[in-house]
Amino acid sequence: MNDAFKIVIAIFLYAIINTIYVRYFDIMGIKPNINAIIIVLIGLNMGMTKGMWYGLYLGFLVDMLIGTNLGLNALIYMYIGYISGALAKKMYNENIFISAVAIMLADIFYSVVIYFTYYLPKDYGFLKYAIRLLLPEAVYTLGIYLTIYALMGLFRKRTSF
Amino acid sequence: MYNRNKKKGIYIIIITIVLIILISITAEKANFATNIVLYITTPVYRLFNGINNFIGGGFNYVVKIGTLQTDNSRLLKENEKLKYDNFMLNEFKDENENLRKLLNMKEKKLYPVVTAAEVIGVDPSSYRKVFIIDKGKNNGLSLNMVVINYNGLVGKLVEVNDVTSKVMTIADEQSAVSCMLQRSKEEVMLKGANLQENGEICKLDYITTDTDIIEGEDILTSNISEIYPEGIPVGKVVKIETDSSSLIRKVYVKPNVNFRRLNDVLVLKNK
């Protein structure tokens, strides 16, 4: 089995598992955007082209499983993957700071696009949206990423002995 | 190098245009591609949910083993009381039917249960309150059917595929349900407000200062709704904010259903 096929299967299983278990991470109606974490990391580590295609694929899966419009998540995650790939070309050197900022920006980008498609037509104030959803979600997503990073670090240390 | 980047840029532009067209034509409609994918994903969902239930069930059993005896005796007592209540309610039902006949009133329409379903997934994003159930067109479901559980109204079906369906809950910002206040029977419009308070709350629109409403009052679905059957409990008024400068009051309603702990639901035929 080649690597691309393994990643395709892993993303497929991840998309399903995410929709089953994400409700246990719900705090005051805010859920972390783990999809953004995955796609940013793929973009940063594998480059623009792979980031773009895997982003498109995961976005389509999310749209088909739970979305209302086929293509909206696909479009957003495709851009997230592509832009993180482009970012990696310029400055990525496995630096936690860069990946953390990229993940936060990706989540904010996602929320802003959602604001323009869902909430702007309903005259929902951007400031209210930012305070209630956009910023808490970005911080929560970042927290989840840093936790996973710290756990992975611990795991690596344990196994290296 | 420059050419390769140019090529990538062109790819991105083409894909973007195709996706924007796709987004505009597939809004809340079941489509062929989604249907095929859901045929593949549903067995995987069942497998994971099965494992989940097995582990959760075993864990619960171990945790609750000490309280089983007291729970059992409490439930037996409660069962006796419920049997009596049920008997009385049946008496009232017969009496009600007879009186209706006597007064030549139309019998209230009952809305039959189409099927019971299990919640298999939820929307991973924060801005929507939508979940997936494991029944679809193949089980006789169709668009706008009403979803309830034993606590009250959950929502309605917004997309029905062959094997699964998507349910929009009443706490979703896009949801609007025609309801009535239990005491005064006044018509009100209940809207989802998942961006306010703690995310699982609704608000009532157009409540003026002369509306007879109190905190703790029950909200039921009304008879003028085009989708929802009359009299399904929806929630309780938890907060009324009166602004001294305007005639409109802000009223928040806490749904009876806890959407975070939702596992089994019933789907009813709509009007």
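Residues numbered from 1 in each chain as written. Chains lettered and ligands numbered in written order. Predicted model: local features only at pLDDT ≥ 70, side-chain atom pairs only at ≥ 80, totals over all residues. Heavy atoms only, no water.

J.: Would you mind showing me how to read the environment of Ser225(B) here?
T.: Residue and element names in this part refer to chain B. Within the secondary structure, Ser225 is located in the loop between β9 (218-221) and β10 (233-242). The class for Ser225 is buried, based on a relative accessible area of 8%. Linking Ser225 and Ser178, residues 47 residues apart in sequence, is a C-alpha distance of 5.3 Å. In this structure Ser225 touches Ser178 and Lys271, once residues within four positions along its chain are discounted. Here the side chain of Ser225 touches Ile227 through a polar contact of 3.3 Å, landing on its backbone nitrogen. Only 3.0 Å separates the side chain of Ser225 from the backbone nitrogen of Tyr228, close enough to count as a polar contact. (Helix = DSSP H or I, 4+ residues; strand = E, 2+ residues; numbered from the N terminus. Buried < 20%, exposed > 50% of the residue type's maximum accessible area, 1.4 Å probe, protein only. Contact = heavy atoms within 4.5 Å. Polar contact = N/O pair within 3.5 Å; in protein donor to acceptor, adjacent residues only side chain to side chain.)

J.: What should I look at first to understand the sheet that holds β10(B) in this one?
T.: Through backbone hydrogen bonds, the strands of a sheet pair up, either in parallel or in antiparallel fashion. All names here are of chain B. Reading around the barrel, the six strands line up as β6-β7-β8-β11-β10-β9 and close back on themselves, with antiparallel pairing between neighbours. Across the sheet, the mean angle from the axis of one strand to that of its neighbour is 40°, orientation sign disregarded. Pairing between β9 and β10: three bridges, direction antiparallel. Bridge pairing in β10 links Asp218 to Lys236. (Pairing = 2+ DSSP bridges. Axes fitted to C-alpha atoms, helices over the stretch in contact; angles between N-to-C directions.)

J.: Which parts of the structure should I look at to understand the domain arrangement of chain B?
T.: A common way to express how large an interface is: the accessible area buried when the components associate. Residues and elements named next belong to chain B. Under the domain assignment used here, chain B contains domain 1 (1-108) and domain 2 (113-268). Put simply, the middle of domain 1 and the middle of domain 2, counted by C-alpha atoms, are 14 Å apart. If you look at the interface, domain 1 gives 14 residues, while domain 2 gives 15 residues. Approximately 1,200 Å² of surface area, both sides summed, lies buried where domain 1 meets domain 2, with 49% of it carried by carbon and sulfur atoms. Joining domain 1 to domain 2, the criterion identifies zero salt bridges. In this structure, the connection of domain 1 to domain 2 is made through six residue pairs in polar contact (both at pLDDT 80 or more). Looking at the side of domain 1 that touches domain 2, its residues break down into four nonpolar, six polar and four charged. (Domains from an automatic or database assignment. Buried area = accessible area lost by both parts, 1.4 Å probe. Salt bridge = Lys/Arg side-chain N within 4 Å of Asp/Glu carboxyl O. Nonpolar A, V, L, I, M, F, W, Y, C, P; charged D, E, K, R; others polar.)

J.: Even after reading the chapter, I still don't get the interface of chain A and chain B, so can you show me in this structure?
T.: With 52 residues of chain A in contact, the opposing surface of chain B contributes 55 residues. Where chain A abuts chain B, roughly 4,800 Å² becomes buried across the two surfaces, and 62% of that area is made up of carbon and sulfur atoms. For chain A, the biggest contributors to the area lost against chain B are Arg23(A), Met64(A) and Ile66(A); these three give 16% of the whole. Scanning the region where chain A abuts chain B turns up one salt bridge. Across the pair Asp26(A) and Lys129(B) runs a salt bridge, and its minimum N-O distance is 3.7 Å. At the surface where chain A touches chain B, the tally comes to eleven residue pairs in polar contact (both at pLDDT 80 or more).

J.: Help me out: how do you make sense of helix α2 (residues 32-64) of chain B in this one?
T.: Helical geometry note: an α-helix holds 3.6 residues per turn, so side chains three or four residues apart project in the same direction. With 33 residues, α2(B) extends 46 Å from end C-alpha to end C-alpha; this agrees with the ideal 48 Å at 1.5 Å per step. Approximately 30° is the largest bend angle found in α2(B), and it occurs at Ile40(B), with the proline Pro43(B) only one to four residues beyond. Among the residues of α2(B), those classed as buried are Thr34(B), Asn35(B), Val37(B), Leu38(B), Thr41(B), Thr42(B), Val44(B), Tyr45(B), Phe48(B), Asn49(B) and Asn52(B). Residues of α2(B) that are buried in the fold lie against α1 (3-21) and α3 (48-65) of chain A together with β1 (113-122), β2 (130-133) and β4 (152-160) of chain B. (Expected span 1.5 Å × (residues − 1). Bend = angle between axes of the 7 residues up to and from the residue.)

J.: Can you help me understand the packing of helix α2 (residues 34-46) of chain A against helix α5 (residues 96-119) of chain A in this one?
T.: Between two packed helices, the angle of one axis relative to the other and the distance separating the axes together describe the packing. Residue and element names in this part refer to chain A. It is at 9 Å that the axes of α2 and α5 come closest, and there the two elements cross at 130°. The orientation of α2 relative to α5 falls into the category oblique. When the axes of α2 and α5 are compared, the crossing they make is right-handed. Contact residues: α2 offers Ala36, Ile37, Val40, Leu41 and Leu44, while α5 offers Ser99, Ala102, Ile103 and Ala106. For the contact of α2 with α5, a count of residues per class yields eight nonpolar, one polar and no charged. (Parallel < 35°, antiparallel > 145°, perpendicular 65-115°, else oblique. Left-handed = near helix turned anticlockwise from the far one by under 90°.)

J.: Just checking my understanding: could you explain the sheet that holds strand β12 (residues 264-268) of chain B for this structure?
T.: If you walk around this closed barrel you meet the six strands as β1-β2-β5-β4-β3-β12 (chain B), and the pairing is antiparallel. Direction aside, neighbouring strands of the sheet carry axes that sit 45° apart on average.

J.: So what exactly am I meant to see when it comes to the confidence of the model for chain A here?
T.: One rule of thumb: low pLDDT means the predicted coordinates there are not for detailed reading. Residues of chain A with pLDDT of at least 70 account for 96%, and the chain-wide mean is 87. The lowest-confidence element of chain A is helix α6 (residues 126-160) of chain A, averaging 87 in pLDDT; the highest-confidence one is α2(A), averaging 92. (pLDDT = per-residue confidence, 0-100.)

J.: Could you clarify how one ought to interpret the nonpolar core in this entry?
T.: Within soluble globular proteins, side chains that are nonpolar tend to cluster in buried spots. In this structure, Ile16(A), Ile114(A), Tyr119(A) and Tyr129(A) are the most contacted members of the largest nonpolar core, which totals 68 residues. Each of domain 1 (1-108) and domain 2 (113-268) of chain B gives at least three residues to this core. Listed in part, the 42 residues of the second largest apolar core include Ala117(B), Val177(B), Ile227(B) and Ile232(B). (Core = buried A, V, L, I, M, F, W, Y, C linked by side-chain atoms within 4.5 Å.)

J.: Looking at this structure, I do not really get unusual backbone geometry. What am I missing?
T.: Negative phi characterises most residues that are not glycine, and trans characterises most peptide bonds. The phi angle at Met28(A) is positive, at roughly 50°, despite the residue not being glycine. One can find Met28(A) in the loop between α1 and α2. Its relative accessible area of 47% is what places Met28(A) among the partly exposed residues. Positive phi, close to 70°, is recorded for Asn144(B), a residue that is not glycine. Its location among the elements puts Asn144(B) in the loop between β2 and β3 (146-149). The class for Asn144(B) is partly exposed, based on a relative accessible area of 26%.

J.: When you look at the side chain of Thr221(B) in this model, what are you seeing that I'm missing?
T.: Residue and element names in this part refer to chain B. Mapped onto the elements, Thr221 comes out in strand β9. At 2.6 Å, the side chain of Thr221 and the backbone oxygen of Pro229 are in polar contact. A distance of 2.9 Å separates a polar side-chain atom of Thr221 from the backbone nitrogen of Ile232. Residue contacts for Thr221: discarding those within four places in its chain leaves Leu153, Val177, Ser178, Cys179, Met180, Tyr228, Pro229, Glu230, Gly231, Ile232 and Val234.

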